[in-house]
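Residue strings, one per chain:
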Amino acid sequence: MKMEVLITKEKLEEIVTDLGRRITEDYRDKELVLVGVLKGGFIFLADLARKIDMDVKIDFISVSSYGNSTESSGVVRIIKDIESDVSGKHVLIVEDLIDTGLTLQYLKDLFNTKGCASVKLAAIMDKPDRRKVDLKVDYVGIEIPDEFVVGYGLDYAEKYRNLPEVYIIRET
Ligand code: XMP
Ligand code: MG
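The sections below set out a description of the structure shown in this document. Everything quoted here is computed from the prediction, not taken from an experiment. (Residues numbered from 1 in each chain as written. Chains lettered and ligands numbered in written order. Predicted model: local features only at pLDDT ≥ 70, side-chain atom pairs only at ≥ 80, totals over all residues. Heavy atoms only, no water.)

**Digging into helix α2 (residues 42-49)**
Counting along an α-helix, one turn takes 3.6 residues, and residues three or four places apart therefore face a common direction. Listed as buried for α2 are Ile43, Phe44, Leu45, Leu48 and Ala49. Contacts from the buried residues of α2 go to α1 (9-27), β2 (32-38), β3 (56-64), β5 (90-98) and β6 (118-126). (Buried < 20%, exposed > 50% of the residue type's maximum accessible area, 1.4 Å probe, protein only. Helix = DSSP H or I, 4+ residues; strand = E, 2+ residues; numbered from the N terminus. Contact = heavy atoms within 4.5 Å.)

This is how it looks when you write it as structure tokens:
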């Protein structure tokens, strides 16, 4: 395996600080629930929540989008659902990376059936070249090339989630 840094921790901090500032401005005086998408979104959510300068509630959902294949099928299985009642609340879904868009599309549709005041999407990384559905992501950190990445929550076979920077990983 060859690994090469794509996003440094300084750059990640800068991106998350900026997103937190925008979210604070946009949601001031609203009841905001951050819904982190496990597992990949856990680090981004933890950092982002600390850059949001207002009261927020935090919940998590765990989904498996890939099944046995290596690409999103659009068939999303919920492994762990949220625990709070989000009806009437403003929900911001916090995901690590948007690729085909099928996972976030599914989650947005799902939350839209729960009577939320609004449902918006945040992803720290975006691979726009891979998109299969026309989906608006309200808060995007940074666009990245179509390469497999690990670190900052993202894994390869459950490894590397704890790396503080984002790496491109290639088989050698
Ligand atoms: P879709 O295609 O539904 O997929 O937008 C989003 C999910 O796919 C995972 N994903 C990756 N995970 N390195 C990873 O570790 C990658 O390069 C990568 N590309 C997509 C990701 O978990 C996201 O939730
Ligand atoms: Mg994920």
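**Considering the pairing of β3**
Regular strands place side chains that alternate from one sheet face to the opposite one. Direction of pairing for β2 relative to β3: parallel, over a ladder of 7 bridges. When the bridges of β3 are listed, Leu34 appears paired with Ile58. As paired strands, β3 and strand β4 (residues 77-80) are joined by 3 bridges and run antiparallel to one another. Its bridge partner being in β4, Ser64 is matched across the sheet by Arg77. (Pairing = 2+ DSSP bridges.)

**Quick word on α1**
A rise of 1.5 Å per residue sets the reference length of α1, with its 19 residues, at 27 Å; its end C-alpha atoms lie 26 Å apart and thus fit the reference within 8%. The set of residues buried in α1 consists of Leu12, Ile15, Val16, Leu19, Gly20, Ile23, Thr24 and Tyr27. Here the buried residues of α1 occupy an arc of 165° about the axis, which is enough to place them on one side. Seen from the open side of α1, the exposed residues pointing more than 90 degrees away from its buried face are Glu10 and Glu25. Of the residues flanking the end of α1, it is Asp29, one or two places downstream, whose phi is positive at about 70°. (Expected span 1.5 Å × (residues − 1). Arc of directions from axis to C-beta.)

**Comments concerning the environment of Thr100**
Here Thr100 is to be found in the loop between β5 and α3 (102-112). Since its relative accessible area comes to 2%, Thr100 is described here as buried. Separated by 83 residues in sequence, Thr100 and Thr17 place their C-alpha atoms 26 Å apart. At a separation of 3.2 Å, a polar atom in the side chain of Thr100 contacts the main-chain amide nitrogen of Leu102. (Polar contact = N/O pair within 3.5 Å; in protein donor to acceptor, adjacent residues only side chain to side chain.)

**Points about the nonpolar core**
Note on soluble globular proteins: their nonpolar side chains tend to be buried together. Core analysis: the largest hydrophobic core is formed by 29 residues, its most contacted members being Phe44, Leu92 and Met125. Those elements giving two or more residues to this core turn out to be α1, β2, α2, β5, β6 and β9 (166-170). Broken down by element, this core gets its largest block of residues, 6 residues, from α1. What Met125 contacts, discounting residues up to four positions off in sequence, is Ile7, Asp96, Leu97, Ile98, Ile142, Ile144, Val149, Leu154 and Val166. (Core = buried A, V, L, I, M, F, W, Y, C linked by side-chain atoms within 4.5 Å.)

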